[in-house]
Amino acid sequence: MEHHPFYAVRPLLPVYPEDPSPHERRWVLVRDSSVFFRNDPAAGTVLMPDPLPEGLSCGEPVYLGTRDDIAYYAAGVAAGAEPPAGWQPAPVRELSGKVPEGDMAIASYAVRILDFDRSTAFCGRCGARTRPLTTERARACTACGRIVYPRISPAIIVLIKKGEEILLARSPRFTPGVFSVIAGFNEPGENLEQTVHREVGEEVGITVKNLCYFGSEPWPFPDSLMIGFVAEHAGGEIRIDGREIEAAGWFTRDALPSLPSGASISRALIEAWRRREI
């Protein structure tokens, strides 16, 4: 089956050099890790038309890309600034179902790229200021020339099957009552399959076999790339680590606990299993 990633920004294209010819502009205004959102009676929006309201203090515009002859930009808004009438700040993950999925993906991308610009404003090698490049998504040091790109942190996420059951676990960081599949970050020197085996062993104490690739999804909170797998239980009894995992168990289709948001590859894995597609 084909997985359709929720937070992928395509078909927003980061065309370089920036093309000034599109007839229209749209803005995503970001305050901390939230975006300005207007809850219309129909579908809401995070895309503000150009020009921006007078008196709204924003940082330097950051070019995101183009789509359908429209150029998209992001700008940071000061913490104390009042939003325009009818708009309010909202974390991107709380906008699921309130704005079109494509617009939500652009909003999450805006938050991600502004965070990249802030965190790399100075060179990590010599401390001098950096400047954005106009040929690709990167920043270059004005002194030593070092080029930095937006960080991408690969992480595995795996649905584990045993007969007609799947293993679901609960992290202390989850919303109360919610269970999900096992996930964890790739370590230096590991391939992704090794990460699956290590994370499963560390978190729930079992072994797995027959790994199959499911799909991948950008998870911009702040910079993960989730790589999804399906695996089968190979041996061992559940033994939680007590830190990353506080509860885990085997669940059947007719007795599932509360599940993660639909805007996640974890839920996509579970739903594909529930439909008997994997």
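Residues numbered from 1 in each chain as written. Predicted model: local features only at pLDDT ≥ 70, side-chain atom pairs only at ≥ 80, totals over all residues. Heavy atoms only, no water.

A look at the pairing of strand 13 (residues 207-219)
- Two strands pair when backbone bridges link them, and strand 13 and strand 14 (residues 224-235) are joined in this way by ten bridges, in the antiparallel orientation. Following the sheet pairing, V208 is matched in strand 14 by H233.
- In this structure, the hairpin formed by strand 13 and strand 14 is closed by a connection of four residues. (Pairing = 2+ DSSP bridges. Helix = DSSP H or I, 4+ residues; strand = E, 2+ residues; numbered from the N terminus.)

Describing the side chain of R170
- In this structure, R170 sits in strand 11 (residues 165-170).
- By relative accessible area, which is 11% here, R170 ends up buried.
- Of the polar contacts made by the side chain of R170, one reaches the backbone oxygen of F174; its length is 3.3 Å.
- Within the local environment of R170, its side chain forms a polar contact with the backbone oxygen of T175, the two atoms lying 2.8 Å apart.
- Each residue touching R170, except ones within four places of it in the same chain, is listed here: T175, P176, G177, V178, F179, E244, I245, E246 and A247. (Buried < 20%, exposed > 50% of the residue type's maximum accessible area, 1.4 Å probe, protein only. Polar contact = N/O pair within 3.5 Å; in protein donor to acceptor, adjacent residues only side chain to side chain. Contact = heavy atoms within 4.5 Å.)

Focus on the sheet that holds strand 7 (residues 130-132)
- In space, the three strands of this open sheet follow the order 7-8-9, with antiparallel pairing throughout. The open sheet has two edge strands with one neighbour each: strand 7 and strand 9 (147-148).
- Inspection of the sheet shows strand 7 paired to strand 8 (residues 139-141) by three bridges, in the antiparallel sense. Within the sheet, the bridge partner assigned to P132 lies in strand 8 and is R139.

Concerning the state of the cysteines
- With the rule as written, the count across this model stands at zero disulfides.
- The cysteine C141 is free of any disulfide, with C126 supplying the nearest cysteine sulfur at 3.5 Å. (Disulfide = S-S within 2.5 Å.)

Regarding the packing of aromatic side chains
- Tallied over the full model, the rule gives seven aromatic pairs.
- Ring centres of Y7 and F221 lie 5.3 Å apart, and the angle between their planes is 85°; on these two criteria the pair is classed as edge-to-face. Highlighted residues: Y7 in the segment before strand 1 (24-31) and F221 in the loop between strand 13 and strand 14, separated in sequence by 214 residues.
- Taking relative accessible area as the criterion, Y7 reaches 3% and is therefore assigned buried. (Phe/Tyr/Trp six-rings, centres within 6.5 Å; stacked < 30°, edge-to-face > 60°.)

Observations regarding the pairing of strand 2 (residues 34-38)
- Judged by how many residues are buried, strand 2 sits mostly within the fold: four of five residues are covered.
- The sheet contact formed by strand 1 and strand 2 spans two bridges and is antiparallel. Across the sheet, residue R31 finds its bridge partner in strand 2, namely S34.
- With antiparallel pairing between neighbouring strands as the criterion, strand 1 and strand 2 make up a hairpin whose turn holds two residues, including D32 at a positive phi of roughly 60°.
- Across five bridges, the pairing between strand 2 and strand 6 (residues 87-91) is antiparallel.

Regarding the environment of R137
- Looking at the element boundaries, R137 is found in the loop between strand 7 and strand 8.
- Judged by its relative accessible area of 18%, R137 falls in the buried class.
- The spacing of R137 and M104 is 33 residues in sequence and 20 Å in space, taken between C-alpha atoms.
- When near neighbours in sequence (up to four residues on either side) are disregarded, R137 contacts Y16, V62, Y63, L64, Y109, I113, Y149 and P150.
- For R137, the side chain forms a polar contact with the main-chain oxygen of Y63, separated by 2.9 Å.
- Only 3.2 Å separates the side chain of R137 from the backbone oxygen of L64, close enough to count as a polar contact.

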